[in-house]
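So the chains spell out like this:
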Amino acid sequence: MKLLISSLTLAMSIAAAAPPTDKKPVTDEYHGVKVVDDYRWLEEAGSPAVKAWTEVQNQYSRAWLDARPDRAEVEAKLTALYAKDTPSHSGIVSRPERLFALKFQPPKQQRLLVTLASADDLASEKVVLDPNEIEPKGQVAMDWFVPSPDGKLIAVCLSENGSEDGTLHFYRTESGEHLPDRVTRVQYPTGGGSVAWTPDSSAVFYTRYPHQGEKPEADLNFFQQIYFHQLGTPTSSDEYSAGRDFPRIAEIELHASHDGRWLLASVANGDGGEFSHHLRAIKDGAAWRQITRHEDGIKEVTFSHDGASLFLRSVKDAPRGKALRLAIDGTLADAEVIVPESEAVIEGITPTAKFLFVSDLLGGPSRIRQFDLDGKNAREVPLPAATGVGGLIEVGDRILFRQTSYVEPAAYMLYDPADTTVKKTALFNTSPVDFNDIEAVREFAISKDGTKVPINILRRKGTRLDGSNPALLYAYGGYGHSMRPAFNFEQRLWFDRDGIYVVANIRGGGEYGEEWHLAGNLTKKQNVFDDFAACAEHLIKQGHTRSDKLAVEGGSNGGLLMGAFLTQHPGLARAVVAHVGLYDMLRVELDPNGTFNVTEFGTVKDSAQFRALHAYSPFHNVTDGTTYPAVFFLAGETDGRVNPAHSRRMTARLQAATSSAHPILVRLSSASGHGMGTALSEKIAQKADVLAFLFDQLGMTKPRPLSK
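Residues numbered from 1 in each chain as written. Predicted model: local features only at pLDDT ≥ 70, side-chain atom pairs only at ≥ 80, totals over all residues. Heavy atoms only, no water.

Novice: Even after reading the chapter, I still don't get the overall build of the chain, so can you show me in this structure?
Specialist: Helix and strand counts for the chain come out as 13 helices and 38 strands. In terms of overall size, the chain behaves like a compact globule, its C-alpha atoms giving a radius of gyration of 25 Å where 708 residues would be expected to give roughly 27 Å. The principal-axis extents of the C-alpha atoms in the chain amount to approximately 75 × 65 × 50 Å. Within the chain, buried positions represent 58% of all 708 residues. (Helix = DSSP H or I, 4+ residues; strand = E, 2+ residues; numbered from the N terminus. Rg over C-alpha atoms; globule rule 2.2 N^0.38 Å. Buried < 20%, exposed > 50% of the residue type's maximum accessible area, 1.4 Å probe, protein only.)

Written out as structure tokens, the structure reads:
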């Protein structure tokens, strides 16, 4: 009885008030505008005061969440579902006579690196590397891997605690032997990392960040360059190859040609979608040659199968994309258009020895087109409607790709041009739950400026559109990233309580090409927020839900979206879940990765961009005395992409400002970063917290009977 009374007392005190946060005003001035910040001190992650604040807030949130009557049940159900989930494969790479893949095998905390003789021979599977044996709690993860051309060695980047701060390791494929070579500073969340092998599999070109003492402390996660490492030699003897003239915010990806003669460096100018491309022969002493510049609008370059040509994906005067072909020794002016722009957005180009395959996006769903290498004799690969497609790779004369949908688990499919058949391989997922009662429908909301915005609605068949349904609206809206159809068995818990799940293809993404992206970046970012609000209003007007039954969710750039939505439309939804989000858009560029985002968001150094940033920056648009919805912020303490200080400061500001009794919670995890490499147990715990929060705020209990 004492425990029951104390728990009730705790729950009542939690509902009454959040822990207070001290205000320590700091004033900045931008272009004549003075901006006051009461919570700047929460940026000092290592200070005792911030550590104490974090502990108090985590305890407050933990007590509130654990007081929800079904929190433990939700976590138990999720754990049970993952225990029943079949293994799944991703990131497949083809090498002679074998495939390499990452294998997710619950209840293991991290993915394994495996080989298979083919996509139809599961019995041939061999584990090359299991990070769970390195660290059983799941705190070591693979950032990426690249097999050698002969498939006998693998370069693997490993990092800890979700940090994405990676070191390069080397393993023998057959034995799993861990070679002594260690190459540090190859990977960081700011610019990523990459490796390409020499044709004899004896050495690698790799991306390298400055080492301690080579640059000022503030520049150590910038100025990525390309170096060369010969296996079996000390890294101190590694040779510089290129990059001293690359931008400070360069993000380099390396690719070797199929025949091993050529090396390509794709260099992104930060995160805004501008690229340059540089080419060299892999032979000793060869010089680099720049073949495209940022202003050329070339998004992707890939080698022909024989290494004699390059295929380029261009948005120059073709915002939905066109495909070009260029001789390996030619200049961009010599490139010929072989696949012109069409109604579809070209997302990727995959050449084989005989054909060119083009991956298209049609506002969200995908298609694949097949051409001769000169762009003639087009035909469409047969796919189901409303399908997502990704990861096209050449396997002999055929194409292997991953097919997804909203209501069926993903499967790897094999297309044979010889007989134009598409067959499901043995690499397919099954679901631990049934989705036969779920339907996906597509509608369009009308944004503030009249733009039609697609929304994809998942619901139980027969759902009544009477405004009584709980609904969760999700979107991203940035960097040209497209939201394709995808299956998630966790949503079964949502559907079982009569929930509707909605994915919006808002501007800032790439669903309708480069124009769709550019209409939602820099000074046009407000379009993203207007689109999302229009989607919420559409769901309400069409009877899918009502405001007190609507929740919204987003992460990273989508976390920024959540912050803008709740400050601009505080009464439109009942609950907001924001993962690893950006909220102070005036100081974001001071963080290492924030500088990489300037080409997407803009900079306060430019007066017009400052005005746009200040107008929507969530932290600066919180208004005292406003009735804000319930908000749940989640962030990782090791996040190198988004500083968790954004979540700390936004939490403090909202807790002080809101006039409602709705909870403002924050969950700051020391066991995760931006989400990549997070252990399965931590993912389940986070998901259980989110669902418990939403079930409570939307009053979701047991399913009601459906109409006949």
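Right, picking up where we left off after that structure.
Novice: Looking at this structure, how should I read the confidence of the model for the chain?
Specialist: Predicted coordinates in areas of low pLDDT are best not read in detail. For the chain, per-residue confidence averages 94 on the pLDDT scale, and 97% of positions sit at 70 or higher. A low-confidence stretch, residues 1–15 (pLDDT under 50), is modelled with six contacts involving residues beyond four sequence positions or located in other chains. Low pLDDT, under 50, characterises residues 704–708; the stretch is placed with 13 contacts to residues that sit more than four places away or in other chains. (pLDDT = per-residue confidence, 0-100. Contact = heavy atoms within 4.5 Å.)

Novice: I tried to follow the sheet that holds strand S28 (residues 398–404) on my own but got confused; where do I start?
Specialist: Strand order in the open sheet formed by four strands is S27-S28-S29-S30, with antiparallel pairing between adjacent strands. Bordering the open sheet on either side are strand S27 (388–395) and strand S30 (421–428), each of which pairs with just one other strand. With strand direction ignored, the average angle separating the axes of adjacent strands in the sheet is 30°. Looking at chain direction, strand S29 (residues 411–416) and S30 are connected through five bridges and run antiparallel. Paired with Asp-416 across the bridge in S30 is Thr-421. (Pairing = 2+ DSSP bridges. Axes fitted to C-alpha atoms, helices over the stretch in contact; angles between N-to-C directions.)

Novice: Any chance you could explain the sheet that holds strand S18 (residues 289–292) here in plain terms?
Specialist: Either a parallel or an antiparallel arrangement is found when strands of a sheet pair, and the pairing is made through backbone hydrogen bonds. Strands sit in the order S15-S16-S17-S18 across an open sheet of four strands; the sheet is antiparallel. Each edge of the open sheet carries a strand with a single partner, namely strand S15 (250–256) and S18. Shown here is a sheet whose adjacent strand axes are inclined to one another by a mean of 25°, direction ignored.

Novice: What exactly am I supposed to notice about helix H11 (residues 607–616) here?
Specialist: Given 3.6 residues per helical turn, the α-helix brings residues three or four places apart onto the same face. Along H11, the residues classified as buried are Gln-609, Phe-610, Ala-612, Leu-613 and Tyr-616. Relative to the axis of H11, the buried residues are bounded by an arc of 165° and lie together on one face. Away from its buried face, by an angle of more than 90 degrees, H11 presents the exposed residues Arg-611 and Ala-615. Of the surrounding elements, those touching the buried residues of H11 are strand S1 (26–30), strand S2 (33–37), helix H7 (526–541), helix H8 (557–568) and helix H10 (598–601). Sitting at the amino-terminal end of H11 is Asp-606, which places a side-chain oxygen 3.0 Å from the backbone nitrogen of Ala-608. (Arc of directions from axis to C-beta. Polar contact = N/O pair within 3.5 Å; in protein donor to acceptor, adjacent residues only side chain to side chain.)

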